[in-house]
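In case you want the letters, here they are:
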Amino acid sequence: GESVGLHLPTLSVQEGDNSIINCAYSNSASDYFIWYKQESGKGPQFIIDIRSNMDKRQGQRVTVLLNKTVKHLSLQIAATQPGDSAVYFCAPSPRDNFNKFYFGSGTKLNVKP
Amino acid sequence: EAGVTQFPSHSVIEKGQTVTLRCDPISGHDNLYWYRRVMGKEIKFLLHFVKESKQDESGMPNNRFLAERTGGTYSTLKVQPAELEDSGVYFCASSRQGPNRAFFGQGTRLTVV
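Residues numbered from 1 in each chain as written. Chains lettered and ligands numbered in written order. Predicted model: local features only at pLDDT ≥ 70, side-chain atom pairs only at ≥ 80, totals over all residues. Heavy atoms only, no water.

S.K.: I keep staring at the packing of aromatic side chains and nothing clicks. Help me out?
M.R.: Geometrically, a pair of aromatic rings is defined through the distance of the ring centres and the angle of the planes. Enumeration over the complete set of coordinates arrives at 11 aromatic pairs over all chains. Both rings, one in A:Tyr25 and one in A:Phe33, keep their centres 4.9 Å apart while their planes meet at 55°; by these two values the pair is tilted. In this pair, the class of A:Tyr25 matches that of A:Phe33, namely buried. Ring centres 5.7 Å apart and planes at 45° place the aromatic pair B:Tyr35 and B:Phe104 in the tilted group. Here the residue B:Tyr35 occupies a position in strand E4 (residues 31-37), and B:Phe104 occupies one in strand E10 (residues 103-104), the gap between them amounting to 69 residues. Residue classification places B:Phe104 among the buried positions, given a relative accessible area of 11%. Taken together, the ring pairs connect A:Tyr36, A:Phe89, A:Phe103, B:Tyr33, B:Tyr35, B:Phe45, B:Phe91 and B:Phe104 into an aromatic cluster. The side chain of B:Arg22 reaches across the aromatic face of B:Tyr74, ending 3.8 Å from its centre. Note that B:Arg101 overlies the ring of A:Phe46, its terminal NZ or CZ placed 3.8 Å from the centroid. (Phe/Tyr/Trp six-rings, centres within 6.5 Å; stacked < 30°, edge-to-face > 60°. Buried < 20%, exposed > 50% of the residue type's maximum accessible area, 1.4 Å probe, protein only. Helix = DSSP H or I, 4+ residues; strand = E, 2+ residues; numbered from the N terminus. Lys NZ or Arg CZ within 6 Å of the ring centre and 35° of its normal.)

S.K.: Honestly, the pairing of strand E8 (residues 72-77) of chain A in this entry has me stumped. Any pointers?
M.R.: Side chains on a regular strand alternate between the two faces of the sheet. Residues and elements named next belong to chain A. Sheet topology note: the strand E3 (residues 19-25)/E8 ladder contains 6 bridges and is antiparallel. Looking at the pairing, isoleucine 21 lines up with leucine 75 of E8. Of the pairings in the sheet, the one linking strand E7 (residues 62-67) to E8 comprises 6 bridges and is antiparallel in character. Across the sheet, residue valine 62 finds its bridge partner in E8, namely isoleucine 77. In this antiparallel pair of consecutive strands, E7 and E8, the connection spans 4 residues, and lysine 71 shows a positive phi of 55°. (Pairing = 2+ DSSP bridges.)

S.K.: Please explain the state of the cysteines as it appears in this structure.
M.R.: By definition, a disulfide is the covalent link that joins the sulfur atoms of two cysteine residues. A complete count under the given rule lists 2 disulfides over all chains for this structure. The disulfide bridge from A:Cys23 ends at A:Cys90, spanning 1.6 Å between sulfur atoms. Taken together, the residues A:Cys23 in strand E3 and A:Cys90 in strand E9 (residues 86-94) connect sequence positions 67 residues apart. Accessibility expressed as a relative area gives 0% for A:Cys23, which makes it buried. Through a disulfide, B:Cys23 is tied to B:Cys92; the S-S separation comes to 1.8 Å. Sign of the S-S torsion, about -60° for the bond between B:Cys23 and B:Cys92, identifies this disulfide as left-handed. Residue B:Cys23 is found in strand E3 (residues 19-24), and its partner B:Cys92 is found in strand E9 (residues 88-95); the two are separated by 69 residues along the sequence. Here B:Cys23 matches B:Cys92 in class, with each residue buried. (Disulfide = S-S within 2.5 Å.)

What follows is the structure in structure tokens.
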């Protein structure tokens, strides 16, 4: 199976600052990675994905960095806003089964006004 | 495009009773997944359907859980008889074929008392 862990269960940032959420995975065969955001009372929502043949991908205010050598992902959120407060999950999936995702326990991002 | 919908949003049942959760995936999505999050821990995979076939049910905790997807459309997850440790939030997700984001429903919060 896959072991997914986030470095910090909770991260507090000031509104307007940049946030960096880190994630480590154990399976070197992981080939596809998704970051999800889960707000209270809602299901996980897709933020951004990255394939293993890339090391960086940018979206709107978010950037994901992938370091396959050390099996590490990070999600960077620029100019963090109160609406970014949520639990963030990285979910790798293996090369032999792109349709199976493994979630860690998540990092709760608190944005202070 | 309508999202993934789950019914009910919240269910409270007594230990030993039966509960059936329902998931309506996004139309055209062959892949349907069930996940659950118990005790605020990580979101764990339960099983994966491709159309009406169970592709992977390695995450089903025991034989008190039965998932079906008749006709390859909506799916049900039945817990019979429910135990206290089954309490948690049950998520359903769907996706198209291939390495693709999965869209999650809002979840069903199950409380067994």
